[in-house]
Amino acid sequence: MKSDKLKIVKRILIIVILLISVIFLLFNEHGIIKYLRLSSEVDALNKEISDINSRIDSLEKEIGLYKNDLDKIEKAAREKFRMKGENEEVLIIDEK
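No experiment lies behind these values; they were computed from the predicted model shown.

## What to know about the overall build of the chain
Consideration 1: Looking only at helices and strands, one finds 3 helices and 0 strands in the chain.
Consideration 2: Overall, the chain shows an N-to-C arrangement of helices and strands of α-α-α.
Consideration 3: For 96 residues, the compact-globule formula gives about 12 Å, and the C-alpha radius of gyration of the chain, at 34 Å, lies well above that figure.
Consideration 4: Expressed as lengths along the three principal axes of its C-alpha atoms, the size of the chain is roughly 110 × 40 × 15 Å.
Consideration 5: Considering the chain as a whole, with its 96 residues, one finds that 4% of them fall into the buried category.
Consideration 6: Accessible surface computed for the chain: about 9700 Å², of which carbon and sulfur atoms make up 63%.
Consideration 7: Averaging the locations of the 18 positively and 18 negatively charged side chains of the chain gives two centres separated by 19 Å.

## Concerning the environment of Asn28
Consideration 1: Locating Asn28 in the fold gives a position in the loop between helix H1 (2-27) and helix H2 (32-68).
Consideration 2: A residue is classified by how much of its surface remains accessible, and Asn28, at 24% relative accessible area, is partly exposed.
Consideration 3: At 2.6 Å, the side chain of Asn28 forms a polar contact with the backbone nitrogen of Gly31.

## Focus on helix H3 (residues 70-81)
Consideration 1: For H3, spanning 12 residues, the distance from its first C-alpha to its last is 16 Å, which sits close to the expected 16 Å at 1.5 Å a residue.
Consideration 2: Capping the start of H3 is the job of one residue whose side-chain oxygen sits 3.3 Å from the backbone nitrogen of Asp71: Asp69.
Consideration 3: Where H3 ends, the next residue or the one after it, Arg82, has phi of about 55°, a positive value.

## Some thoughts on a nonpolar patch on the surface
Consideration 1: There is a patch of nonpolar side chains on the surface, built from Phe24, Leu25, Ile32, Tyr35 and Leu36 and spanning about 570 Å² of accessible area.
Consideration 2: For the nonpolar patch, the secondary structure elements donating two or more residues are H1 and H2.
Consideration 3: Within the fold, Ile32 resides in helix H2.
Consideration 4: Given a relative accessible area of 42%, Ile32 falls into the partly exposed group.

## Here's the deal with the pattern of salt bridges
Consideration 1: Summed over the entire model, instances satisfying the criterion amount to 1 salt bridge.
Consideration 2: Of the charged contacts in the structure, one is a salt bridge between Lys47 and Asp51, with a shortest N-O distance of 3.1 Å. Placement of the pair is Lys47 and Asp51 together in helix H2, with a separation of 4 residues, close to one helical turn.
Consideration 3: Assessed through its relative accessible area of 52%, Lys47 is described here as exposed.
Consideration 4: Residue Asp51 is classed as partly exposed on the basis of its relative accessible area, which comes to 40%.

## Brief notes about the confidence of the model for the chain
Consideration 1: Across the chain, the average pLDDT comes to 86, with 99% of residues at or above 70.
Consideration 2: Averaged pLDDT values over the elements of the chain bottom out at 81 in H3 and peak at 93 in H2.

Conventions we followed
- Within each chain, residues carry numbers counting from 1 in the order of the written sequence.
- Whole-chain, interface and lining totals are the exception, using all residues; otherwise, since this is a predicted model, local features are given only for residues with pLDDT of at least 70 and side-chain atom pairs are given and counted only at 80 or more.
- Computation of side-chain values covers all heavy atoms of the structure but excludes hydrogens and water.
- A run of H or I in DSSP becomes a helix once it reaches four residues, and a run of E becomes a strand once it reaches two; helices and strands are each numbered from the N terminus.
- All radius of gyration figures rest on C-alpha atoms, and the globule criterion is 2.2 Å times the number of residues raised to 0.38.
- Burial classification: accessible surface area is computed with a 1.4 Å probe over protein chains only, and a residue below 20% of its type maximum counts as buried, one above 50% as exposed, and the rest as partly exposed.
- Using the Shrake-Rupley algorithm and a 1.4 Å probe, accessible areas are obtained, with residue cover drawn only from the displayed protein chains.
- Neither His nor the chain ends contribute to the count of charged residues, in which Lys and Arg are positive and Asp and Glu negative.
- Charge placement uses NZ in Lys and CZ in Arg. For Asp and Glu, CG and CD serve respectively.
- Polar contact is defined as a pair of N or O atoms within 3.5 Å, subject to the rule that within protein one atom must be able to donate a hydrogen and the other to accept it, and that residues adjacent in sequence are counted only when both atoms are side-chain atoms.
- Each residue after the first adds 1.5 Å to the expected span of a helix.
- Only residues whose relative accessible area exceeds 30% and that form no salt bridge are eligible for patches; like-charged ones are grouped when within 9 Å, while nonpolar side chains (Val, Leu, Ile, Met, Phe, Trp, Tyr) are grouped when within 5 Å.
- What makes a salt bridge here is a side-chain nitrogen of Lys or Arg within 4 Å of a carboxyl oxygen of Asp or Glu, nothing more.
- How sure the predictor is of each residue is captured by pLDDT, a score from 0 to 100.

Laid out in structure tokens, this is it:
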């Protein structure tokens, strides 16, 4: 009878220790939940870095085109800055 009670107490003690260990592993400052959250955040930041790097590459290519192509510079000046060339007239069309 005493050995049965002792076995039950040991089992309960082991279950409690295991439960506390699992809770500690999951919810402490360096726990699994925080690790998973930080891991997903790192993945998102790496994707953002990749997107920014590809944007930088495309902008560097565009800069190279502007450095070497006068027609492209002229076209950009006309479209973005509404400039006109020599001996040209600007017609303004008022749509009502």
